[in-house]
Amino acid sequence: MSDVSAELSCDVGLAVEESQRLALASAAFNIVPTFLWVFRAADHFIELANDATTEFIGCRKEDIYGSEWQKVVHPDDVAMTIASFASAAASNSDNVECHFRVMSPDGSFRRCIARGRAWRDADGRIARWFGLTVDIEDMSRLQDEARLAAENMARSEAHFRFMFQSNLAPMYFAEIDEPYNDMTRWHLVEANDAALAALGYD
């Protein structure tokens with residue numbers, strides 16, 4: 001085999017390997033269950049999204065490419081989302097993060113967080129963002145429920161403490177060791193003003 005033929009054979013082999021790598025990358029991009037996307041920095045257009053993203057939203061890829069993604073993001077969150085990417089680009093940051101709500105197939109909106117990494121052109125300017133979106137609706141609901149429960153507990157405790165302290169009848173809490181009829185083994189934990197007055201404390 002001549003040197004030219006060997007070189008051509010090597011080039012073809014490399015081209016096949018490169019094609020296979022691209023095919024594998026494309027397959028991996030669409031197989032992973034995470035919501036992946038490519039976002040153009042100049043005009044805030046989505047250039048690419050994987051299958052998991054469109055399945056989550058319940059639409060075709062064409063329905064979110066370009067500026068169409070704004071139709072599936074909650075109207076109150078669109079400007080904030082664009083501002084987050086614009087601010088990250090303006091500050092020349094390598095990373096971007098933002099929260100927004102995305103419409104699901106049933107028409108309801110689910111809270112999500114998006115994180116992206118900057119891809120720069122030959123001049124070092126941010127040209128695109130490569131990133132992922134995570135559905136945090138279930139986690140956010142649990143956090144909301146926990147926060148609400150804590151707020152209700154705090155209100156109940158404040159209400160009880162007010163009633164306890166303002167009550168005209170003596171009220172107290174004590175820890176009692178056996179035998180229970182031995183008052184010397186009672187340890188006063190807390191008492192209201194009426195109880196302290198009855199016990200002779202000013």
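Report on the accompanying structure.

Procedures and definitions
Residues numbered from 1 in each chain as written. Predicted model: local features only at pLDDT ≥ 70, side-chain atom pairs only at ≥ 80, totals over all residues. Heavy atoms only, no water. Helix = DSSP H or I, 4+ residues; strand = E, 2+ residues; numbered from the N terminus. Buried < 20%, exposed > 50% of the residue type's maximum accessible area, 1.4 Å probe, protein only. Salt bridge = Lys/Arg side-chain N within 4 Å of Asp/Glu carboxyl O. Expected span 1.5 Å × (residues − 1). Contact = heavy atoms within 4.5 Å. Pairing = 2+ DSSP bridges. Axes fitted to C-alpha atoms, helices over the stretch in contact; angles between N-to-C directions. Patch = residues over 30% accessible without salt bridge, like charges linked within 9 Å, V, L, I, M, F, W, Y side chains within 5 Å. Areas by Shrake-Rupley, 256 points an atom, 1.4 Å probe, with all protein chains shown as cover. Phe/Tyr/Trp six-rings, centres within 6.5 Å; stacked < 30°, edge-to-face > 60°.

## Looking at unusual backbone geometry
Look at H44: it is not a glycine, yet its phi comes out positive at around 60°. Mapped onto the secondary structure, H44 falls in the loop between β1 (35–40) and β2 (46–49). Accessibility expressed as a relative area gives 16% for H44, which makes it buried. Unlike most non-glycine residues, N92 shows phi in positive territory, near 60°. Mapped onto the elements of the fold, N92 is located in the loop between α3 (75–90) and β3 (95–103).

## Re the pattern of salt bridges
Applying the stated criterion across every chain, the model contains 18 salt bridges. Here D43 ties to R40 by a salt bridge, and the two come within 2.6 Å at their closest N and O atoms. By relative accessible area, D43 is classed as partly exposed at 29%. Overall, the relative accessible area of 26% leaves R40 in the partly exposed class. Shared partners join several salt bridges into a network, and the residues in it are R111, E137, R141, D144 and R147.

## With respect to helix α4 (residues 137–166)
With 30 residues, α4 ought to run about 44 Å at 1.5 Å a step, and its terminal C-alpha atoms sit 43 Å apart, in line with that. Buried residues of α4: E137, S140 and F164, and no others. Close packing links the buried residues of α4 with β4 (109–120), β5 (126–135), β6 (172–176) and β7 (186–191).

## Brief notes about the sheet that holds β1
Ordered in space as β2-β1-β5-β4-β3, the 5 strands form an open sheet in which the pairing is antiparallel. Pairing within the sheet leaves two strands with one partner each, and these edge strands are β2 and β3. The mean inter-strand angle of the sheet, taken between neighbouring strand axes irrespective of direction, is 25°. Across 3 bridges, β1 lies against β2 in antiparallel orientation. Looking across to β2, one finds that W37 is bridged to A49. Each of β4 and β5 touches α4; the most contacted strand, β4, lies at about 125° to it.

## Details of the environment of W119
Examined against the element boundaries, W119 turns out to sit in strand β4. Overall, W119 belongs to the partly exposed group, its relative accessible area being 40%. Spatially, the C-alpha atoms of W119 and N95 are 9.8 Å apart, while their sequence positions differ by 24 residues. With residues up to four places along the chain from it excluded, the contact list for W119 reads R125, I126, A127, R128 and F130.

## Some thoughts on the side chain of N192
Structurally, N192 is set in the loop between β7 and α5 (193–198). When residues no more than four places from it in sequence are discounted, the contact partners of N192 are F164, Q165, N167, A169, P170 and M171.

## A short note on a nonpolar patch on the surface
A surface patch of nonpolar side chains, about 450 Å² in accessible area, is lined by Y172, L188, L199 and Y201. Note on L188: relative accessible area 46%, which makes it partly exposed.

## Let's talk about the packing of aromatic side chains
Throughout the structure, instances matching the rule amount to 6 aromatic pairs. On the numbers, 4.6 Å between centres and 25° between planes, the contact of F35 with F56 is stacked. Of this pair, F35 sits in strand β1 while F56 sits in helix α2 (residues 51–57), and the two are 21 residues apart along the sequence. Exposure class is identical for F35 and F56. Each is buried. Residues W37 and F85 carry aromatic rings whose centres are separated by 6.0 Å and whose planes lie at 75° to one another, so their mutual orientation is edge-to-face. Linking W37 in strand β1 with F85 in helix α3, this pair joins segments that are 48 residues apart in sequence. Note on W37: relative accessible area 7%, which makes it buried. We classify F85 as buried; its relative accessible area is 5%. An aromatic cluster is defined as three or more aromatic residues linked by ring pairs; in this entry it consists of W37, F39, W69, F85 and W129.

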